[in-house]
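This is what each chain is made of:
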Amino acid sequence: MNRRNVLVGLGGIVASGGALLGTGAFSTVTADRTVTVETSGDASARVAFEATSDYASITNDKLEISLTDANIDGTLTATGAFNIINNHSAEITLDGPWTTQSNNIDVTLTAQNNTLAAGGTTPVDLEIDTSGAAANATLNTTITITATT
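Source: prediction; values computed, not measured.

(A) Here's a closer look at the overall build of the protein. For the protein, the helix and strand inventory stands at one helix and 10 strands. For the protein, the sequential pattern of α-helices and β-strands runs α-β-β-β-β-β-β-β-β-β-β. Residues classed as buried in the protein amount to 23% of the 149 residues present. Excluding contacts between residues fewer than 6 apart, the proportion of contacts in the protein whose partners are at least 24 apart in sequence is 65%. Total accessible area on the protein is roughly 10,500 Å²; 48% of this is exposed by carbon and sulfur atoms.

Rendered as structure tokens:
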């Protein structure tokens with residue numbers, strides 16, 4: 001028997017043994033783990049909100065934007081209506097701008113920076129467009145702001 005035959009034979013044994021026994025990989029694992037979650041209000045969470053204008057306030061630990069008596073067929077722009085603060089230890093990316101619309105009232109929130117370093121802050125501009133809105137039209141909605149690391 002020469003060296004070539006020995007190597008081919010050993011290679012065949014290893015290959016057939018792997019096919020016979022499989023790779024040892026698995027497709028499903030179930031394990032019990034403990035998870036602890038603590039929530040914080042908007043002023044002190046990892047992604048915090050800070051009211052910086054007359055249109056924004058923190059009520060019941062949540063940022064609220066409120067405008068009454070807006071002009072019909074008008075546009076209100078508030079630069080820096082509130083701040084978003086990154087209290088996380090890593091850089092975050094914001095998914096804005098954020099919009100909502102109802103009763104011909106359009107609201108757009110635009111962060112001045114969509115990337116925030118750890119400890120960074122960005123102002124958020126508010127635009128409310130009431131073009132086509134009827135007298136006494138209202139908008140009461142929730143806008144979801146998503147931040148990713």
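There's more to say after this.
(B) Molecular detail of the side chain of His 88. By the element assignment, His 88 lies in the loop between strand E4 (75-86) and strand E5 (92-94). Within the local environment of His 88, its side chain forms a polar contact with the side chain of Arg 46, the two groups lying 2.7 Å apart. When residues no more than four places from it in sequence are discounted, the contact partners of His 88 are Arg 46, Ala 118, Gly 119 and Thr 149.

(C) Representation of the layout of surface pockets within the structure. In this model, the largest pocket occupies a volume close to 1,000 Å³. Looking at the largest pocket, it is lined by 33 residues, and the ones nearest its centre are Ile 65, Ser 66, Leu 139, Asn 140 and Thr 141. Residue classes in the lining of the largest pocket are distributed as 19 nonpolar, 10 polar and four charged.

(D) Representation of the pairing of strand E6 (residues 98-102) within the structure. Strand direction decides the pairing type here: E6 and strand E7 (residues 105-111), joined by five bridges, are antiparallel. Counterpart to Thr 100 in the pairing with E7 is Val 107. In textbook terms, the turn of a hairpin is the stretch between consecutive antiparallel strands, and for E6 and E7 this stretch comprises two residues, one of which, Asn 103, has a positive phi near 55°.

(E) Molecular detail of the sheet that holds strand E8 (residues 115-116). Sheet architecture is open: three strands sit in the order E8-E5-E10, paired in antiparallel fashion. Looking at which strands have only one partner, the edges of the open sheet turn out to be E8 and strand E10 (147-148). In the sheet, E5 pairs with E8 via two bridges, with the strands oriented antiparallel. The residue bridging Ile 92 from the neighbouring strand is Leu 116, located in E8.

(F) Region of interest: unusual backbone geometry. Of note, the amide linkage connecting Gly 96 to Pro 97 takes the cis form, showing an omega dihedral of 10°. Mapped onto the secondary structure, Pro 97 falls in the loop between E5 and E6. Of note in the backbone geometry, Asp 73 takes a positive phi value of approximately 55° without being a glycine. Here Asp 73 lies in the loop between strand E3 (62-65) and E4. Given the relative accessible area of 53%, Asp 73 is considered exposed. Positive phi values are uncommon outside glycine, yet Asn 103 reaches one of about 55°. Looking at where Asn 103 falls in the secondary structure, it is placed in the loop between E6 and E7. By relative accessible area, which is 44% here, Asn 103 ends up partly exposed.

The rules behind each value
Residues numbered from 1 in each chain as written. Predicted model: local features only at pLDDT ≥ 70, side-chain atom pairs only at ≥ 80, totals over all residues. Heavy atoms only, no water. Helix = DSSP H or I, 4+ residues; strand = E, 2+ residues; numbered from the N terminus. Buried < 20%, exposed > 50% of the residue type's maximum accessible area, 1.4 Å probe, protein only. Contact = heavy atoms within 4.5 Å. Areas by Shrake-Rupley, 256 points an atom, 1.4 Å probe, with all protein chains shown as cover. Polar contact = N/O pair within 3.5 Å; in protein donor to acceptor, adjacent residues only side chain to side chain. 1 Å grid on protein atoms, 1.4 Å probe; cavity = no way out; pocket = protein on both sides within 12 Å on 5 of 7 lines; lining within 4 Å. Points joined across faces, edges and corners; volume = space filled by probe spheres on them. Nonpolar A, V, L, I, M, F, W, Y, C, P; charged D, E, K, R; others polar. Pairing = 2+ DSSP bridges.

So, to be careful, I would describe these as geometric facts and stop short of saying anything about function.
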